[in-house]
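Each chain, written out:
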Amino acid sequence: MAVAILNIYLVLLFLLVHFGVVRFNLFWKASPFIVMAIVLICLFIPMGWGAPQGSALVVRNAVSIVPDVAGEVTDVPVVANAPLKSGDVLFKIDPTPYAAQVKAIDAQFKLARTRLGQMTQLFERDAGRGFDVEQRQSEADQLSGQLEAAQWNLDKTIVRAPSDGYVTNLALRKGARVANLPLSPVMAFIDTSNTIIGVEINQIDARYVAPGQEVEATFKFAPGQIYSGKVESVLQAIATGQAQTSGIAVAPRAIEAAPFVVRVKLDDAAFVNRLPAGSAGTAAIYTDHVKPTHIVRRVILRQVAILNYVNPF
C-alpha cells in the first residue's frame, strides 16, 4: 500500500513538472523520500496498533468418545462427516450381560421388598422385632442402588452424540471390542455447537484491542469476501507464560514475543457454520485509536481477499 501511494505521488509529480506547474529543483527531487517518510511515520506505523491485522483460524472443540461400559460393538449407524444432532446414536454395545445383571438384581430387589413388607406387618402386630425391619430396609436400599447402577450401565450400551456435530476419521466397525479406558477413545467427535475464531495479533499491536471493537475477516475458503464481526475477548494467557507444576527448578529458556490471541465472532452465523475447522484467513481489528488508519487497513484487507483467489498460502 505504501508503494502504491508513492507511485501515485510520483505520477502527480511527473505531471506537474511536465506541464510546468512546478520547477524540478532539489526540493522536488527529494520530495518522494519526504513523502515516504511522512506516510510511514504518520500512517503505516500507527496503523499497527490503530487497526492491527493478523492471521485468523477457525477452531472447533473435539470430544474423544470413550464408552462408559466395555463390550462388543453390535452396530455403528453413524456415517463419517455427516451432521448429527445431540443425542443421535453413535454406536451400540452388546447389552446382553448388562440386561442379565439388571434382571438378576431386580429379582433380588423384589424379594427384598416382599420380605420388608412381611417383617413390617409382623412388627406392627407385635410379632416381630424392629431390628429385622431395619435390616430388611437396608437390604432393599442397597439392592435399589445396585439396580440403579446396573440400569445405568445398560443404558450406556447405547453411545450417543454429546452435542451437535459430526464424527470424523471413523474406523470403528461392528464386531470390535471396546473398553471404558480414558486413554482408549474409539472415535473423534467434532462439536459444531460452538465455533471459535481466533486471530493472532503481535504483542506490540495488541495494546488497544478490547471486546466489542469492529472486526473484518477474509478466509481462503471464501476468497474475495469480507465478513464483519466483533471482538469477543482477548485471551489473557498463552502457553509461553504458563507455569506448570513440576519437581524441577526454573529452567531458563529463550524468550520471544509470541502473538496474543483474540477471539472474535462474525455476524454471518450461517457462514460460520459452513466454515470447516482449520480454515485460515486474515482479520483486521479496528480499535478506538488512530482512526484515519482504518481506511488504509480496509483497503489492504480487501487486497488480501482478492489475492486469496490465487495465493494458496
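Parameters and conventions
- Residues numbered from 1 in each chain as written.
- Predicted model: local features only at pLDDT ≥ 70, side-chain atom pairs only at ≥ 80, totals over all residues.
- Heavy atoms only, no water.
- Helix = DSSP H or I, 4+ residues; strand = E, 2+ residues; numbered from the N terminus.
- Rg over C-alpha atoms; globule rule 2.2 N^0.38 Å.
- Buried < 20%, exposed > 50% of the residue type's maximum accessible area, 1.4 Å probe, protein only.
- Areas by Shrake-Rupley, 256 points an atom, 1.4 Å probe, with all protein chains shown as cover.
- Expected span 1.5 Å × (residues − 1).
- Salt bridge = Lys/Arg side-chain N within 4 Å of Asp/Glu carboxyl O.
- Contact = heavy atoms within 4.5 Å.
- 1 Å grid on protein atoms, 1.4 Å probe; cavity = no way out; pocket = protein on both sides within 12 Å on 5 of 7 lines; lining within 4 Å.
- Points joined across faces, edges and corners; volume = space filled by probe spheres on them.
- Nonpolar A, V, L, I, M, F, W, Y, C, P; charged D, E, K, R; others polar.
- Polar contact = N/O pair within 3.5 Å; in protein donor to acceptor, adjacent residues only side chain to side chain.
- Pairing = 2+ DSSP bridges.
- Core = buried A, V, L, I, M, F, W, Y, C linked by side-chain atoms within 4.5 Å.
- Phe/Tyr/Trp six-rings, centres within 6.5 Å; stacked < 30°, edge-to-face > 60°.

Colleague: Which parts of the structure should I look at to understand the overall build of the chain?
Modeller: A count of helical and extended segments in the chain gives six helices and eleven strands. Taking 20 Å as the expected radius of gyration for a compact globule of 313 residues, we find that the chain reaches 34 Å, considerably beyond that expectation. The burial tally for the chain puts 33% of its 313 residues in the buried class. Of the roughly 19,200 Å² of accessible surface on the chain, 59% is carried by carbon and sulfur atoms.

Colleague: I would appreciate a short explanation of helix H6 (residues 293-307) in the present structure.
Modeller: Helical periodicity: at 3.6 residues per turn, an α-helix aligns residues three or four positions apart in one direction. The end-to-end C-alpha distance of H6, which contains 15 residues, comes to 21 Å, matching closely the 21 Å that a straight helix rising 1.5 Å per residue would cover. Of all the positions in H6, only Thr293, His294, Val296, Arg297, Ile300, Leu301 and Ala305 are classed as buried.

Colleague: How should I be thinking about the pattern of salt bridges in this particular structure?
Modeller: Scanning the model with the defined rule gives six salt bridges in all. Two residues, Arg298 and Glu214, come together in a salt bridge whose shortest N-O distance is 3.1 Å. Within this pair, whereas Arg298 is found in helix H6, its partner Glu214 is found in strand E8 (residues 214-219), the two being separated by 84 residues in sequence. The partly exposed category is assigned to Glu214, whose relative accessible area is 29%. In this structure, Arg263 engages Glu232 in a salt bridge whose closest nitrogen and oxygen atoms are separated by 3.1 Å. Of the two residues, Arg263 is situated in strand E10 (residues 260-266) and Glu232 in strand E9 (residues 222-234); the sequence distance between them amounts to 31 residues. In this structure Arg263 comes out as partly exposed when scored by relative accessible area, which is 23%. Residue Glu232 is classed as partly exposed on the basis of its relative accessible area, which comes to 36%. A single network of salt bridges, built from pairs that share partners, joins Glu214, Glu216, Arg298 and Arg302.

Colleague: Teacher, can you tell me more about the environment of Ile93 here?
Modeller: Relative to the elements of secondary structure, Ile93 occurs in strand E3 (residues 89-93). Spatially, the C-alpha atoms of Ile93 and Ile158 are 6.3 Å apart, while their sequence positions differ by 65 residues. Aside from chain neighbours lying at most four places away, what touches Ile93 is Pro67, Val69, Ala70, Gly71, Glu72, Val73, Thr74, Thr157 and Val178.

Colleague: Could you clarify how one ought to interpret the layout of surface pockets in this entry?
Modeller: One way to see where empty space is left: roll a probe the size of a water molecule over the atoms. By volume, the largest pocket is sized at about 320 Å³. Forming the boundary of the largest pocket are Thr240, Gln242, Ser246, Ile248, Ala249, Val250, Ala251, Arg253, Ala254, Ile255 and Glu256. When its residues are assigned to classes, the lining of the largest pocket shows six nonpolar, three polar and two charged. Within this model, the second largest pocket holds a volume of roughly 200 Å³. Lining the second largest pocket are 13 residues; nearest its centre among them are Asn194, Thr195, Lys265, Val272 and Asn273. A per-class count over the lining of the second largest pocket returns five nonpolar, five polar and three charged.

Colleague: Help me understand the side chain of Thr287 in this model?
Modeller: If you trace the backbone, Thr287 turns up in the loop between strand E11 (280-286) and H6. In terms of polar contacts, Thr287 uses its side chain to reach the backbone carbonyl oxygen of Trp49, at 3.4 Å. Polar side-chain contacts of Thr287 include one of 3.3 Å to the backbone nitrogen of His289. Ignoring any residue separated from it by four or fewer positions in sequence, one finds Thr287 in contact with Trp49, Gly50, Pro52, Tyr208, Val209, Gln213 and His294.

Colleague: Would you take a moment to explain the pairing of strand E2 (residues 71-75) for this structure?
Modeller: Each regular strand shows side chains that alternate between the opposite faces of the sheet. As paired elements, E2 and strand E6 (residues 177-178) share two bridges and run antiparallel to each other. By the bridge assignment, Glu72 is partnered in E6 with Arg177. Relative to E3, E2 runs antiparallel, the two sharing two bridges. Within E3, the position partnered with Asp75 by the bridge is Lys92.

Colleague: It is not clear to me how the nonpolar core should be interpreted in this structure. Could you clarify?
Modeller: Inside soluble globular proteins, nonpolar side chains tend to come together where they are buried. Ile65, Leu90, Phe91, Val167, Leu172 and Met187 are the most contacted members of the largest nonpolar core, which has 28 residues in total. Looking at this core, the elements that each hand over two or more residues are E3, helix H3 (96-124), helix H4 (130-155) and strand E7 (187-201). Among all residues touching Val167, those that are not within four sequence positions of it are Val78, Val79, Ala80, Asn81, Leu84, Leu90, Met187, Ala188 and Phe189. Formed by 22 residues, the second largest nonpolar core is a distinct cluster that contains Val58, Ile197, Ala206 and Val264.

Colleague: Could you clarify how one ought to interpret the packing of aromatic side chains in this entry?
Modeller: Aromatic ring pairs are reported here in terms of the distance separating the ring centres and the angle at which the planes meet. The tally for this structure, following the rule as stated, stands at two aromatic pairs. For the ring pair Phe219 and Phe271, a centre distance of 6.0 Å and an interplane angle of 50 degrees mean the geometry is tilted. Placement of Phe219 in strand E8 and of Phe271 in helix H5 (residues 269-274) is noted, with a sequence separation of 52 residues between them. Grouping residues by exposure puts Phe219 and Phe271 together as buried. Ring centres of Tyr227 and Phe271 lie 3.8 Å apart, and the angle between their planes is 10 degrees; this geometry places the pair in the stacked category. Residue Tyr227 is found in strand E9, and its partner Phe271 is found in helix H5; the two are separated by 44 residues along the sequence. In this pair, the class of Tyr227 matches that of Phe271, namely buried. Clustering of aromatic rings is evident, with ring pairs tying together Phe219, Tyr227 and Phe271.

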